[in-house]
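# Coordinate inspection notes
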Amino acid sequence: MESRAVLAAERHKKGYNCAQAVACTYCDLVDVSEEEAFRSTEAFGLGMGGMLGTCGALSGAVYLASLATSDGNLENPSTKKASYALSRELLNRFEEKNGSVTCRVLKGLEGDRAAVPCPASISTACELVEKTLFPDTFLK
């Protein structure tokens, strides 16, 4: 399967926030409807509720990691360690590529580095989703 990064970019242009654009693009792979993914990630936009914290595109990727990894066992949760490790890998790889995981830094509002625009962050998040969460599904 080819990359879906263009689809995520189209969603963002349509008005989805960065988290929604990423989560909704891959929601079928974690057995969630697009409406549910859209609603579940709405407050993650603009660095979590507009606070310019963790990048929304990255938050959308971590949301997908949770759904891909969790066993959903309410009585005896046993997948947190794997979910945390996958989340940490996504954050580390995102930071390696973009220099930060924080929206305010990526937007160039803090620090002295060049801004990484939202479309570039969405593209990075999509690349990581495809390579890290679903490596056997997407062309290499």
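Higher on the page you've got the structure.
Residues numbered from 1 in each chain as written. Predicted model: local features only at pLDDT ≥ 70, side-chain atom pairs only at ≥ 80, totals over all residues. Heavy atoms only, no water.

### Remarks on the side chain of threonine 124
Within the secondary structure, threonine 124 is located in helix α7 (residues 118–133). A polar atom in the side chain of threonine 124 sits 3.4 Å from the side chain of asparagine 98. Each residue touching threonine 124, except ones within four places of it in the same chain, is listed here: Phe94, Lys97 and Asn98. (Helix = DSSP H or I, 4+ residues; strand = E, 2+ residues; numbered from the N terminus. Polar contact = N/O pair within 3.5 Å; in protein donor to acceptor, adjacent residues only side chain to side chain. Contact = heavy atoms within 4.5 Å.)

### Topic: the packing of aromatic side chains
In this description, a pair of aromatic rings is defined by centroid distance and the angle of the planes. A full pass over the atoms with the stated rule returns 2 aromatic pairs. Between tyrosine 16 and phenylalanine 38, the aromatic rings sit 5.0 Å apart at their centres with planes inclined by 75 degrees, giving edge-to-face as the arrangement. One end of the pair, tyrosine 16, is in the loop between α1 (5–13) and α2 (18–26); the other, phenylalanine 38, is in helix α3 (residues 34–40), and 22 residues separate them in sequence. Under the relative-accessibility criterion, phenylalanine 38 is labelled partly exposed at 27%. Ring geometry for tyrosine 26 versus phenylalanine 138: centroids 5.9 Å apart, planes at 75 degrees, classification edge-to-face. One end of the pair, tyrosine 26, is in helix α2; the other, phenylalanine 138, is in the segment after α7, and 112 residues separate them in sequence. As far as burial versus exposure is concerned, tyrosine 26 and phenylalanine 138 are alike and both buried. (Phe/Tyr/Trp six-rings, centres within 6.5 Å; stacked < 30°, edge-to-face > 60°. Buried < 20%, exposed > 50% of the residue type's maximum accessible area, 1.4 Å probe, protein only.)

### A look at the pattern of salt bridges
For the structure shown, the criterion picks out 6 salt bridges. For lysine 97, the salt bridge is made with glutamate 127, and the minimal N-O distance between the two is 2.9 Å. Here the residue lysine 97 occupies a position in helix α5 (residues 80–98), and glutamate 127 occupies one in helix α7, the gap between them amounting to 30 residues. For lysine 97, a relative accessible area of 48% translates into the label partly exposed. The exposure class of glutamate 127 is partly exposed, given its relative accessible area of 26%. (Salt bridge = Lys/Arg side-chain N within 4 Å of Asp/Glu carboxyl O.)

### Some thoughts on unusual backbone geometry
The backbone of methionine 48 sits at a positive phi, close to 70 degrees, despite the residue not being glycine. Residue placement: methionine 48 occurs in the loop between α3 and α4 (56–69). Positive phi is not limited to glycine here, since leucine 52 has a value of about 60 degrees. Relative to the helices and strands, leucine 52 resides in the loop between α3 and α4.

### Topic: the side chain of threonine 41
Inspection of the secondary structure puts threonine 41 in the loop between α3 and α4. A polar contact of 2.7 Å, which involves the side chain of threonine 41, links it to the backbone oxygen of alanine 37. Excluding residues that lie within four positions of it along the chain, threonine 41 makes contacts with Asn17, Ala19, Gln20, Ala23 and Tyr63.

### Some words on α7
With 16 residues, α7 should reach 22 Å at 1.5 Å per residue; the first-to-last C-alpha distance of 21 Å fits that figure. Within α7, the full set of buried residues consists of Ser121, Ile122, Thr124, Ala125, Cys126, Leu128, Val129, Glu130, Thr132 and Leu133. Elements in contact with the buried residues of α7: α1, α2, α4, α5 and α6 (103–106). (Expected span 1.5 Å × (residues − 1).)

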